[in-house]
Amino acid sequence: MAERNDASLSKSHRARARFFREYYAPLGANSIHGLAAIDTSSCLVLYANTRFLAAHDISPTTKLPFPCHELHGLPAPCPGSGDGCPAAEACRSHLEVRRSDTVRGGDGRPERTTEVVAYPLSVRSEYGSTREAVVVEKERDALAGRLDGDQEREHLATIARHSADAIIGLDGDGRILSWNVGAEEIFGYTPEEVEGREFRFLVPADEKSQQAFDAGTREFERRGILKNTQSRLVAKDGRTVVVSSTFSLVRDPTGGAIGVSVICRDVTMEVLLKELIDHQIRAMTVTHEIGEVLHSSRSVEEILQLILVGVTAGQGLGFNRAFLVLSEAVDGEDRLRGKMAIGPSNPEEAGRIWSRLSNERLSLTELYQAYLAEGATHDVRVNAIVTRIDVPLSDEENVLVRSLKDRAALNVLRGRVIGEDSEVDEKLIEAIECDSFAVVPLNTRERAIGVLVVDNRITGIGIGDADLQMLKVFANHAGVALENSQLRESLEHRLDELALLNRKMKESQERLMHAERLSVIGEMAARIVHEVRNPLVSIGGFARMLRRGFESDDPRTDYLRIIADEVARLERIIQQLLDYSRPQNRVDVREVNAVELIREVVEMATIEAAEHGVKVRQSHDDSIGRVRIDPDKTRQVLLNIVRNALDAMVAEGELSVETKRLDGDRFRVTIADTGPGIPPERREEVFEPGFTTRQDGTGFGLAIAKRLIELQGGQIGLRDSVPVGCTFDIVMPCRVDPTDPESRDGDQP
C-alpha cells in the first residue's frame, strides 16, 4: 500500500496517535501482552506498548506513529499490506482474527510462538473511511519437534499443570476433578477448595448467566464439543472474569466418555480493551455530533433541551436521567437552582421512550425533534424533582457547589464522593432520589455557569472513569455553546435596545425639527401680523366704505366686493397661522356629554350640507355618557373636519358621523365622506402644516386639529373609505389624567 505524505493527513495521524496514547497507555503499561493500534489504510503503527515494541526489536523511545514495515525490519512498502497481515484481514472482514506465528529469535535467542488477535475498528475521518485495528500479541515457547514421545508427554503434562490457561478436568456429573496452576491464578481458588464441586459454582447467580450456561451445556451434550464460547465467570474475590472456554469430551482407549476437559483462556483484558475502545470511539463520535448540534443552535432554551437529550439518548451518552442546575442571582444571593430535567420514572417508561426512538437510527437533531413530539410529556416526574434543587453558593460543602467552584467532575457512589473521604448531603440524595450519580460543571472560557447531574437510577449501572471523562468533554461543549447562545441573545437584546433608542432619537429629532419649524413659523407669523394686519384692515375697510358709495348696478361694486373678500381670506390665513404657531399647552377640561356635543356640531353643519346637496347620517353610542374633555377645542376640531368634508363633496354625496365606546375607557368619533379622497402617496402629509388639496385652503386646519386632539391625550388618524372618500378616526380618553403636565384644568399654568 503506497504511503501518503499529505501534511494534513500526517497531522491527523499524529492526532490519532495522541488519542491512543492518552487513553490506552495506562492499560498497555499494565498488560502482560503486546498491545498495538494499527492504521491499515496507511500502514502506520499509531500506538504500541513496550512489550510489543520489544518483541519486534523496536526501541521504546521510537516516535509514534511509524510505518508498519519497521516491525519486520524490511524496507517499504509494508509486507503486511497483503493477505498475511491479521490487522488488514480483520479490517477487511470486520471480524476478530486469531493467528499463531513462529518467529525466529535474534541474537542467539530461541524461537518463540506468538498468538496474534486483531480486532477491527471502523472510523470515519475527513479523508473518508480509515481502517484501524487493535492487535494483541501473546507469546509462548516453541518446543514442538525437539522432544521424544515420553519427554513430549511429560512435557505436555507439565504444560497442563503450569499453563497460564485454566485446564480443568470434570467428571461425568460436571464435578471438578483437576485444577491446574492457570485455573488457580485466574479464579483465585486452590485445588483443595474446588475439587468435588460442580463447575457451575463459577457461573454468576443472575438468571441471564444461568440460562446461558444451561444453553451451552445442552449444545455440548448434543455435539460433544463446545469451542471458544465466551462467558463471564466469578473469581474467589468477587471479580468478574471473562473467559474463552473450550469443552471437550475425554474418552478412554475404547472410546467411552469418562469426563470433560475444560480449557479457559482469560480474555478479560482483551474484552475490556475492546469495550473500552468501542466506548471511547462512540464517545468521540457522540461528543463530536453533539458539539456540532449545540454550536449550531441559537436559542438558550433549545440548547438546554439538546444537552439533556444528548446525555440520555441511546445515540448519545446513554445515561438514565439528567438534571440541569444553573447558577442565578435570587434576591441578591447567588444560588444553584434546578432548571429542567429528562428521564423516565420507571423501567417501563424508559423502554417506551428511548428504546423505540433509539432503534430508528435517528440523528441527534432528529431524535431531539422526535422527543419533543412524543416524549416530553413523560418527564413530569423528573421535572418535579429538579425544582427541589436550590442551593446557595455559600454552601461550599455541597457537592454541586464544589463541582461548580472547583470546575471539577465528581463521582458519587452510595452517598460518598469517590476518591475522597466525604459524604454527600442527605438532602440532595433525598431530592433526586438516588445516592449514586455524577456531577460535572458546565464550563465556559471564564467560569462555570452551572452543573449537570446524571445517574443510572433505572438500570443501576455504575458510572466509571471513562463515562466521567466522556461526560466532561460533553459538558465543556455544552457550557461553551450555552455561553455563546446567552451572549448572542444578550447581543440581540442590546441591538433591539439600540434600535429602539435610535428610533426614539429620530422621533426626538423630528420633534425638534418640528419645533424649530414652529418657531420659524411663529416668528414669521408675528412679523406678518405686525406688517400686514393693519394695512389689510385699512384696505378692507376702505373697500367696503367705497362700495357703499356706489350704486348697486355700478360695475365697480363687484371689484370692491372681490377686494373685501380677499382681504377677509388673508385675515383668516393670518389668524390660522397664529393659532398653529402659538403655544397651546393648556386645556380647559370640563365634564360634558360627548354625544350631545357631537350632535350639536353636526346640526351646525346640516344647513351647509343641504346647500351642497349632501346627506348627513349619524349613529351614536349613548353608553359613552359624560366625559372630561375640552369642549371648545373638540368642537373646533370636529367643525374643521366636517367642513373639509363638505367642501370636498362638490355636488351630492354623504357625510357619516358615528361614535362608539371602546375598551380601556376610551371612545371613538368616525367622520367619513364620499368625496374624491386623498392620493395614497400623500396621506402621510395630511397632518403636516401647509398641506392642502384646495386652491383656497390654508393648509393649517388638520395640523391644528391634530395638536388639539393630542393635547387632550387623544389620537387622530386617516384611513381609506370604501369605495371612495376619506375617513377620519378620533379616539379620545373618557377621562383626562389630572397629573399629566400637558393636561390641566382651566387656566392653571
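Before reading on, note that the structure itself is shown above.
The paragraphs below set out a description of the structure included in this document.

### Looking at the overall build of the protein chain
Moving on, step 1. The helix and strand tally for the protein chain stands at 19 helices and 25 strands.
Moving on, step 2. The buried share of the protein chain, taken over its 749 residues, is 41%.
Moving on, step 3. Looking at the protein chain alone, contacts between residues at least 24 apart form 59% of all its contacts between residues at least 6 apart.
Moving on, step 4. About 41,100 Å² of surface is accessible on the protein chain, with carbon and sulfur atoms providing 50% of the total.

### Observations concerning the sheet that holds strand E9 (residues 225-234)
Moving on, step 1. Spatially, the five strands line up as an open sheet ordered E8-E7-E11-E10-E9, and their pairing is antiparallel. If you trace the sheet from one side to the other, it starts and ends with strand E8 (176-179) and E9, each paired once. Within this sheet the neighbouring strands show an average axis-to-axis angle of 25°, counted without direction.
Moving on, step 2. The sheet contact formed by E9 and strand E10 (residues 240-251) spans eight bridges and is antiparallel. Paired with threonine 229 across the strands is serine 245, a residue of E10.
Moving on, step 3. On the sheet, helix H7 (residues 207-223) packs against E9, E10 and strand E11 (257-266) and is oriented at approximately 160° with respect to E9.

### Some thoughts on the pattern of salt bridges
Moving on, step 1. Taken as a whole, this structure holds 32 salt bridges when the rule is applied.
Moving on, step 2. The residue aspartate 165 makes a salt bridge to arginine 265 at a minimum N-O spacing of 3.4 Å. Pair noted here: aspartate 165 is in the loop between helix H4 (149-162) and strand E7 (166-170) and arginine 265 is in strand E11, with a separation of 100 residues, a long-range link.
Moving on, step 3. Classification of aspartate 165 as buried rests on a relative accessible area of 10%.
Moving on, step 4. Look at arginine 265 and you get partly exposed, because its relative accessible area is 23%.

### Concerning the packing of helix H18 (residues 631-648) against helix H19 (residues 701-711)
Any two packed helices are characterised by how steeply their axes cross, that is the angle between the axes, and by the distance between the axes.
Moving on, step 1. Between H18 and H19, whose axes approach to 9 Å, the crossing angle comes to 145°. Of the two possible hands of crossing, H18 and H19 adopt the one that is left-handed. Each of Lys633, Gln636, Val637, Asn640, Ile641 and Asn644 in H18 lies in contact with H19, whose residues at this interface are Gly701, Leu702, Ile704, Ala705, Leu708, Ile709 and Leu711.
Moving on, step 2. Across the contact of H18 with H19, the residue classes break down as eight nonpolar, four polar and one charged.

### Some details on the nonpolar core
Moving on, step 1. Core analysis: the biggest nonpolar cluster contains 40 residues, and Leu655 and Ile730 have the highest contact counts within it.
Moving on, step 2. Residue assignment for this core shows that the elements contributing at least two residues are helix H17 (594-611), strand E21 (626-629), H18, strand E22 (653-662), strand E23 (666-673), H19 and strand E25 (726-733).
Moving on, step 3. For this core, the element with the most residues is H17, which contributes eight residues.
Moving on, step 4. If we skip the residues at most four places from it in the chain, isoleucine 730 touches Val637, Leu638, Ile641, Phe667, Arg668, Val669, Ile709, Gln715 and Ile716.
Moving on, step 5. Counting 27 residues, the second largest nonpolar core, distinct from the first, contains Ile385, Val399, Leu404 and Ile432.

### Observations regarding the side chain of histidine 56
Moving on, step 1. You can see histidine 56 is positioned in the loop between helix H2 (50-55) and strand E3 (66-67).
Moving on, step 2. A polar atom in the side chain of histidine 56 sits 2.9 Å from the side chain of glutamate 137.
Moving on, step 3. Residues contacting histidine 56, with those up to four places away along its chain left out, are Leu71 and Glu137.

### Some words on a positive patch on the surface
Moving on, step 1. A cluster of like positive charges, contributed by Lys11, Arg14, Arg18, Arg21 and Lys63, occupies part of the molecular surface.
Moving on, step 2. By the secondary structure assignment, arginine 21 is in helix H1 (residues 7-29).
Moving on, step 3. The class of arginine 21 is partly exposed, set by a relative accessible area of 40%.

### A few points about a negative patch on the surface
Moving on, step 1. Together, Glu184, Glu185, Glu192 and Glu195 give the surface a local cluster of negative charge.
Moving on, step 2. Within the fold, glutamate 195 resides in the loop between helix H6 (191-194) and H7.

### Examining a nonpolar patch on the surface
Moving on, step 1. On the surface, Leu491, Leu495, Leu498, Leu501 and Met505 cluster together into a nonpolar patch covering about 480 Å² of accessible area.
Moving on, step 2. By the secondary structure assignment, leucine 495 is in helix H15 (residues 465-548).
Moving on, step 3. Judged by its relative accessible area of 47%, leucine 495 falls in the partly exposed class.

Each value, and the rule that gives it
Residues numbered from 1 in each chain as written. Predicted model: local features only at pLDDT ≥ 70, side-chain atom pairs only at ≥ 80, totals over all residues. Heavy atoms only, no water. Helix = DSSP H or I, 4+ residues; strand = E, 2+ residues; numbered from the N terminus. Buried < 20%, exposed > 50% of the residue type's maximum accessible area, 1.4 Å probe, protein only. Contact = heavy atoms within 4.5 Å. Areas by Shrake-Rupley, 256 points an atom, 1.4 Å probe, with all protein chains shown as cover. Pairing = 2+ DSSP bridges. Axes fitted to C-alpha atoms, helices over the stretch in contact; angles between N-to-C directions. Salt bridge = Lys/Arg side-chain N within 4 Å of Asp/Glu carboxyl O. Left-handed = near helix turned anticlockwise from the far one by under 90°. Nonpolar A, V, L, I, M, F, W, Y, C, P; charged D, E, K, R; others polar. Core = buried A, V, L, I, M, F, W, Y, C linked by side-chain atoms within 4.5 Å. Polar contact = N/O pair within 3.5 Å; in protein donor to acceptor, adjacent residues only side chain to side chain. Patch = residues over 30% accessible without salt bridge, like charges linked within 9 Å, V, L, I, M, F, W, Y side chains within 5 Å. Lys, Arg positive; Asp, Glu negative; His and termini not counted. Charge placed at Lys NZ, Arg CZ, Asp CG, Glu CD.

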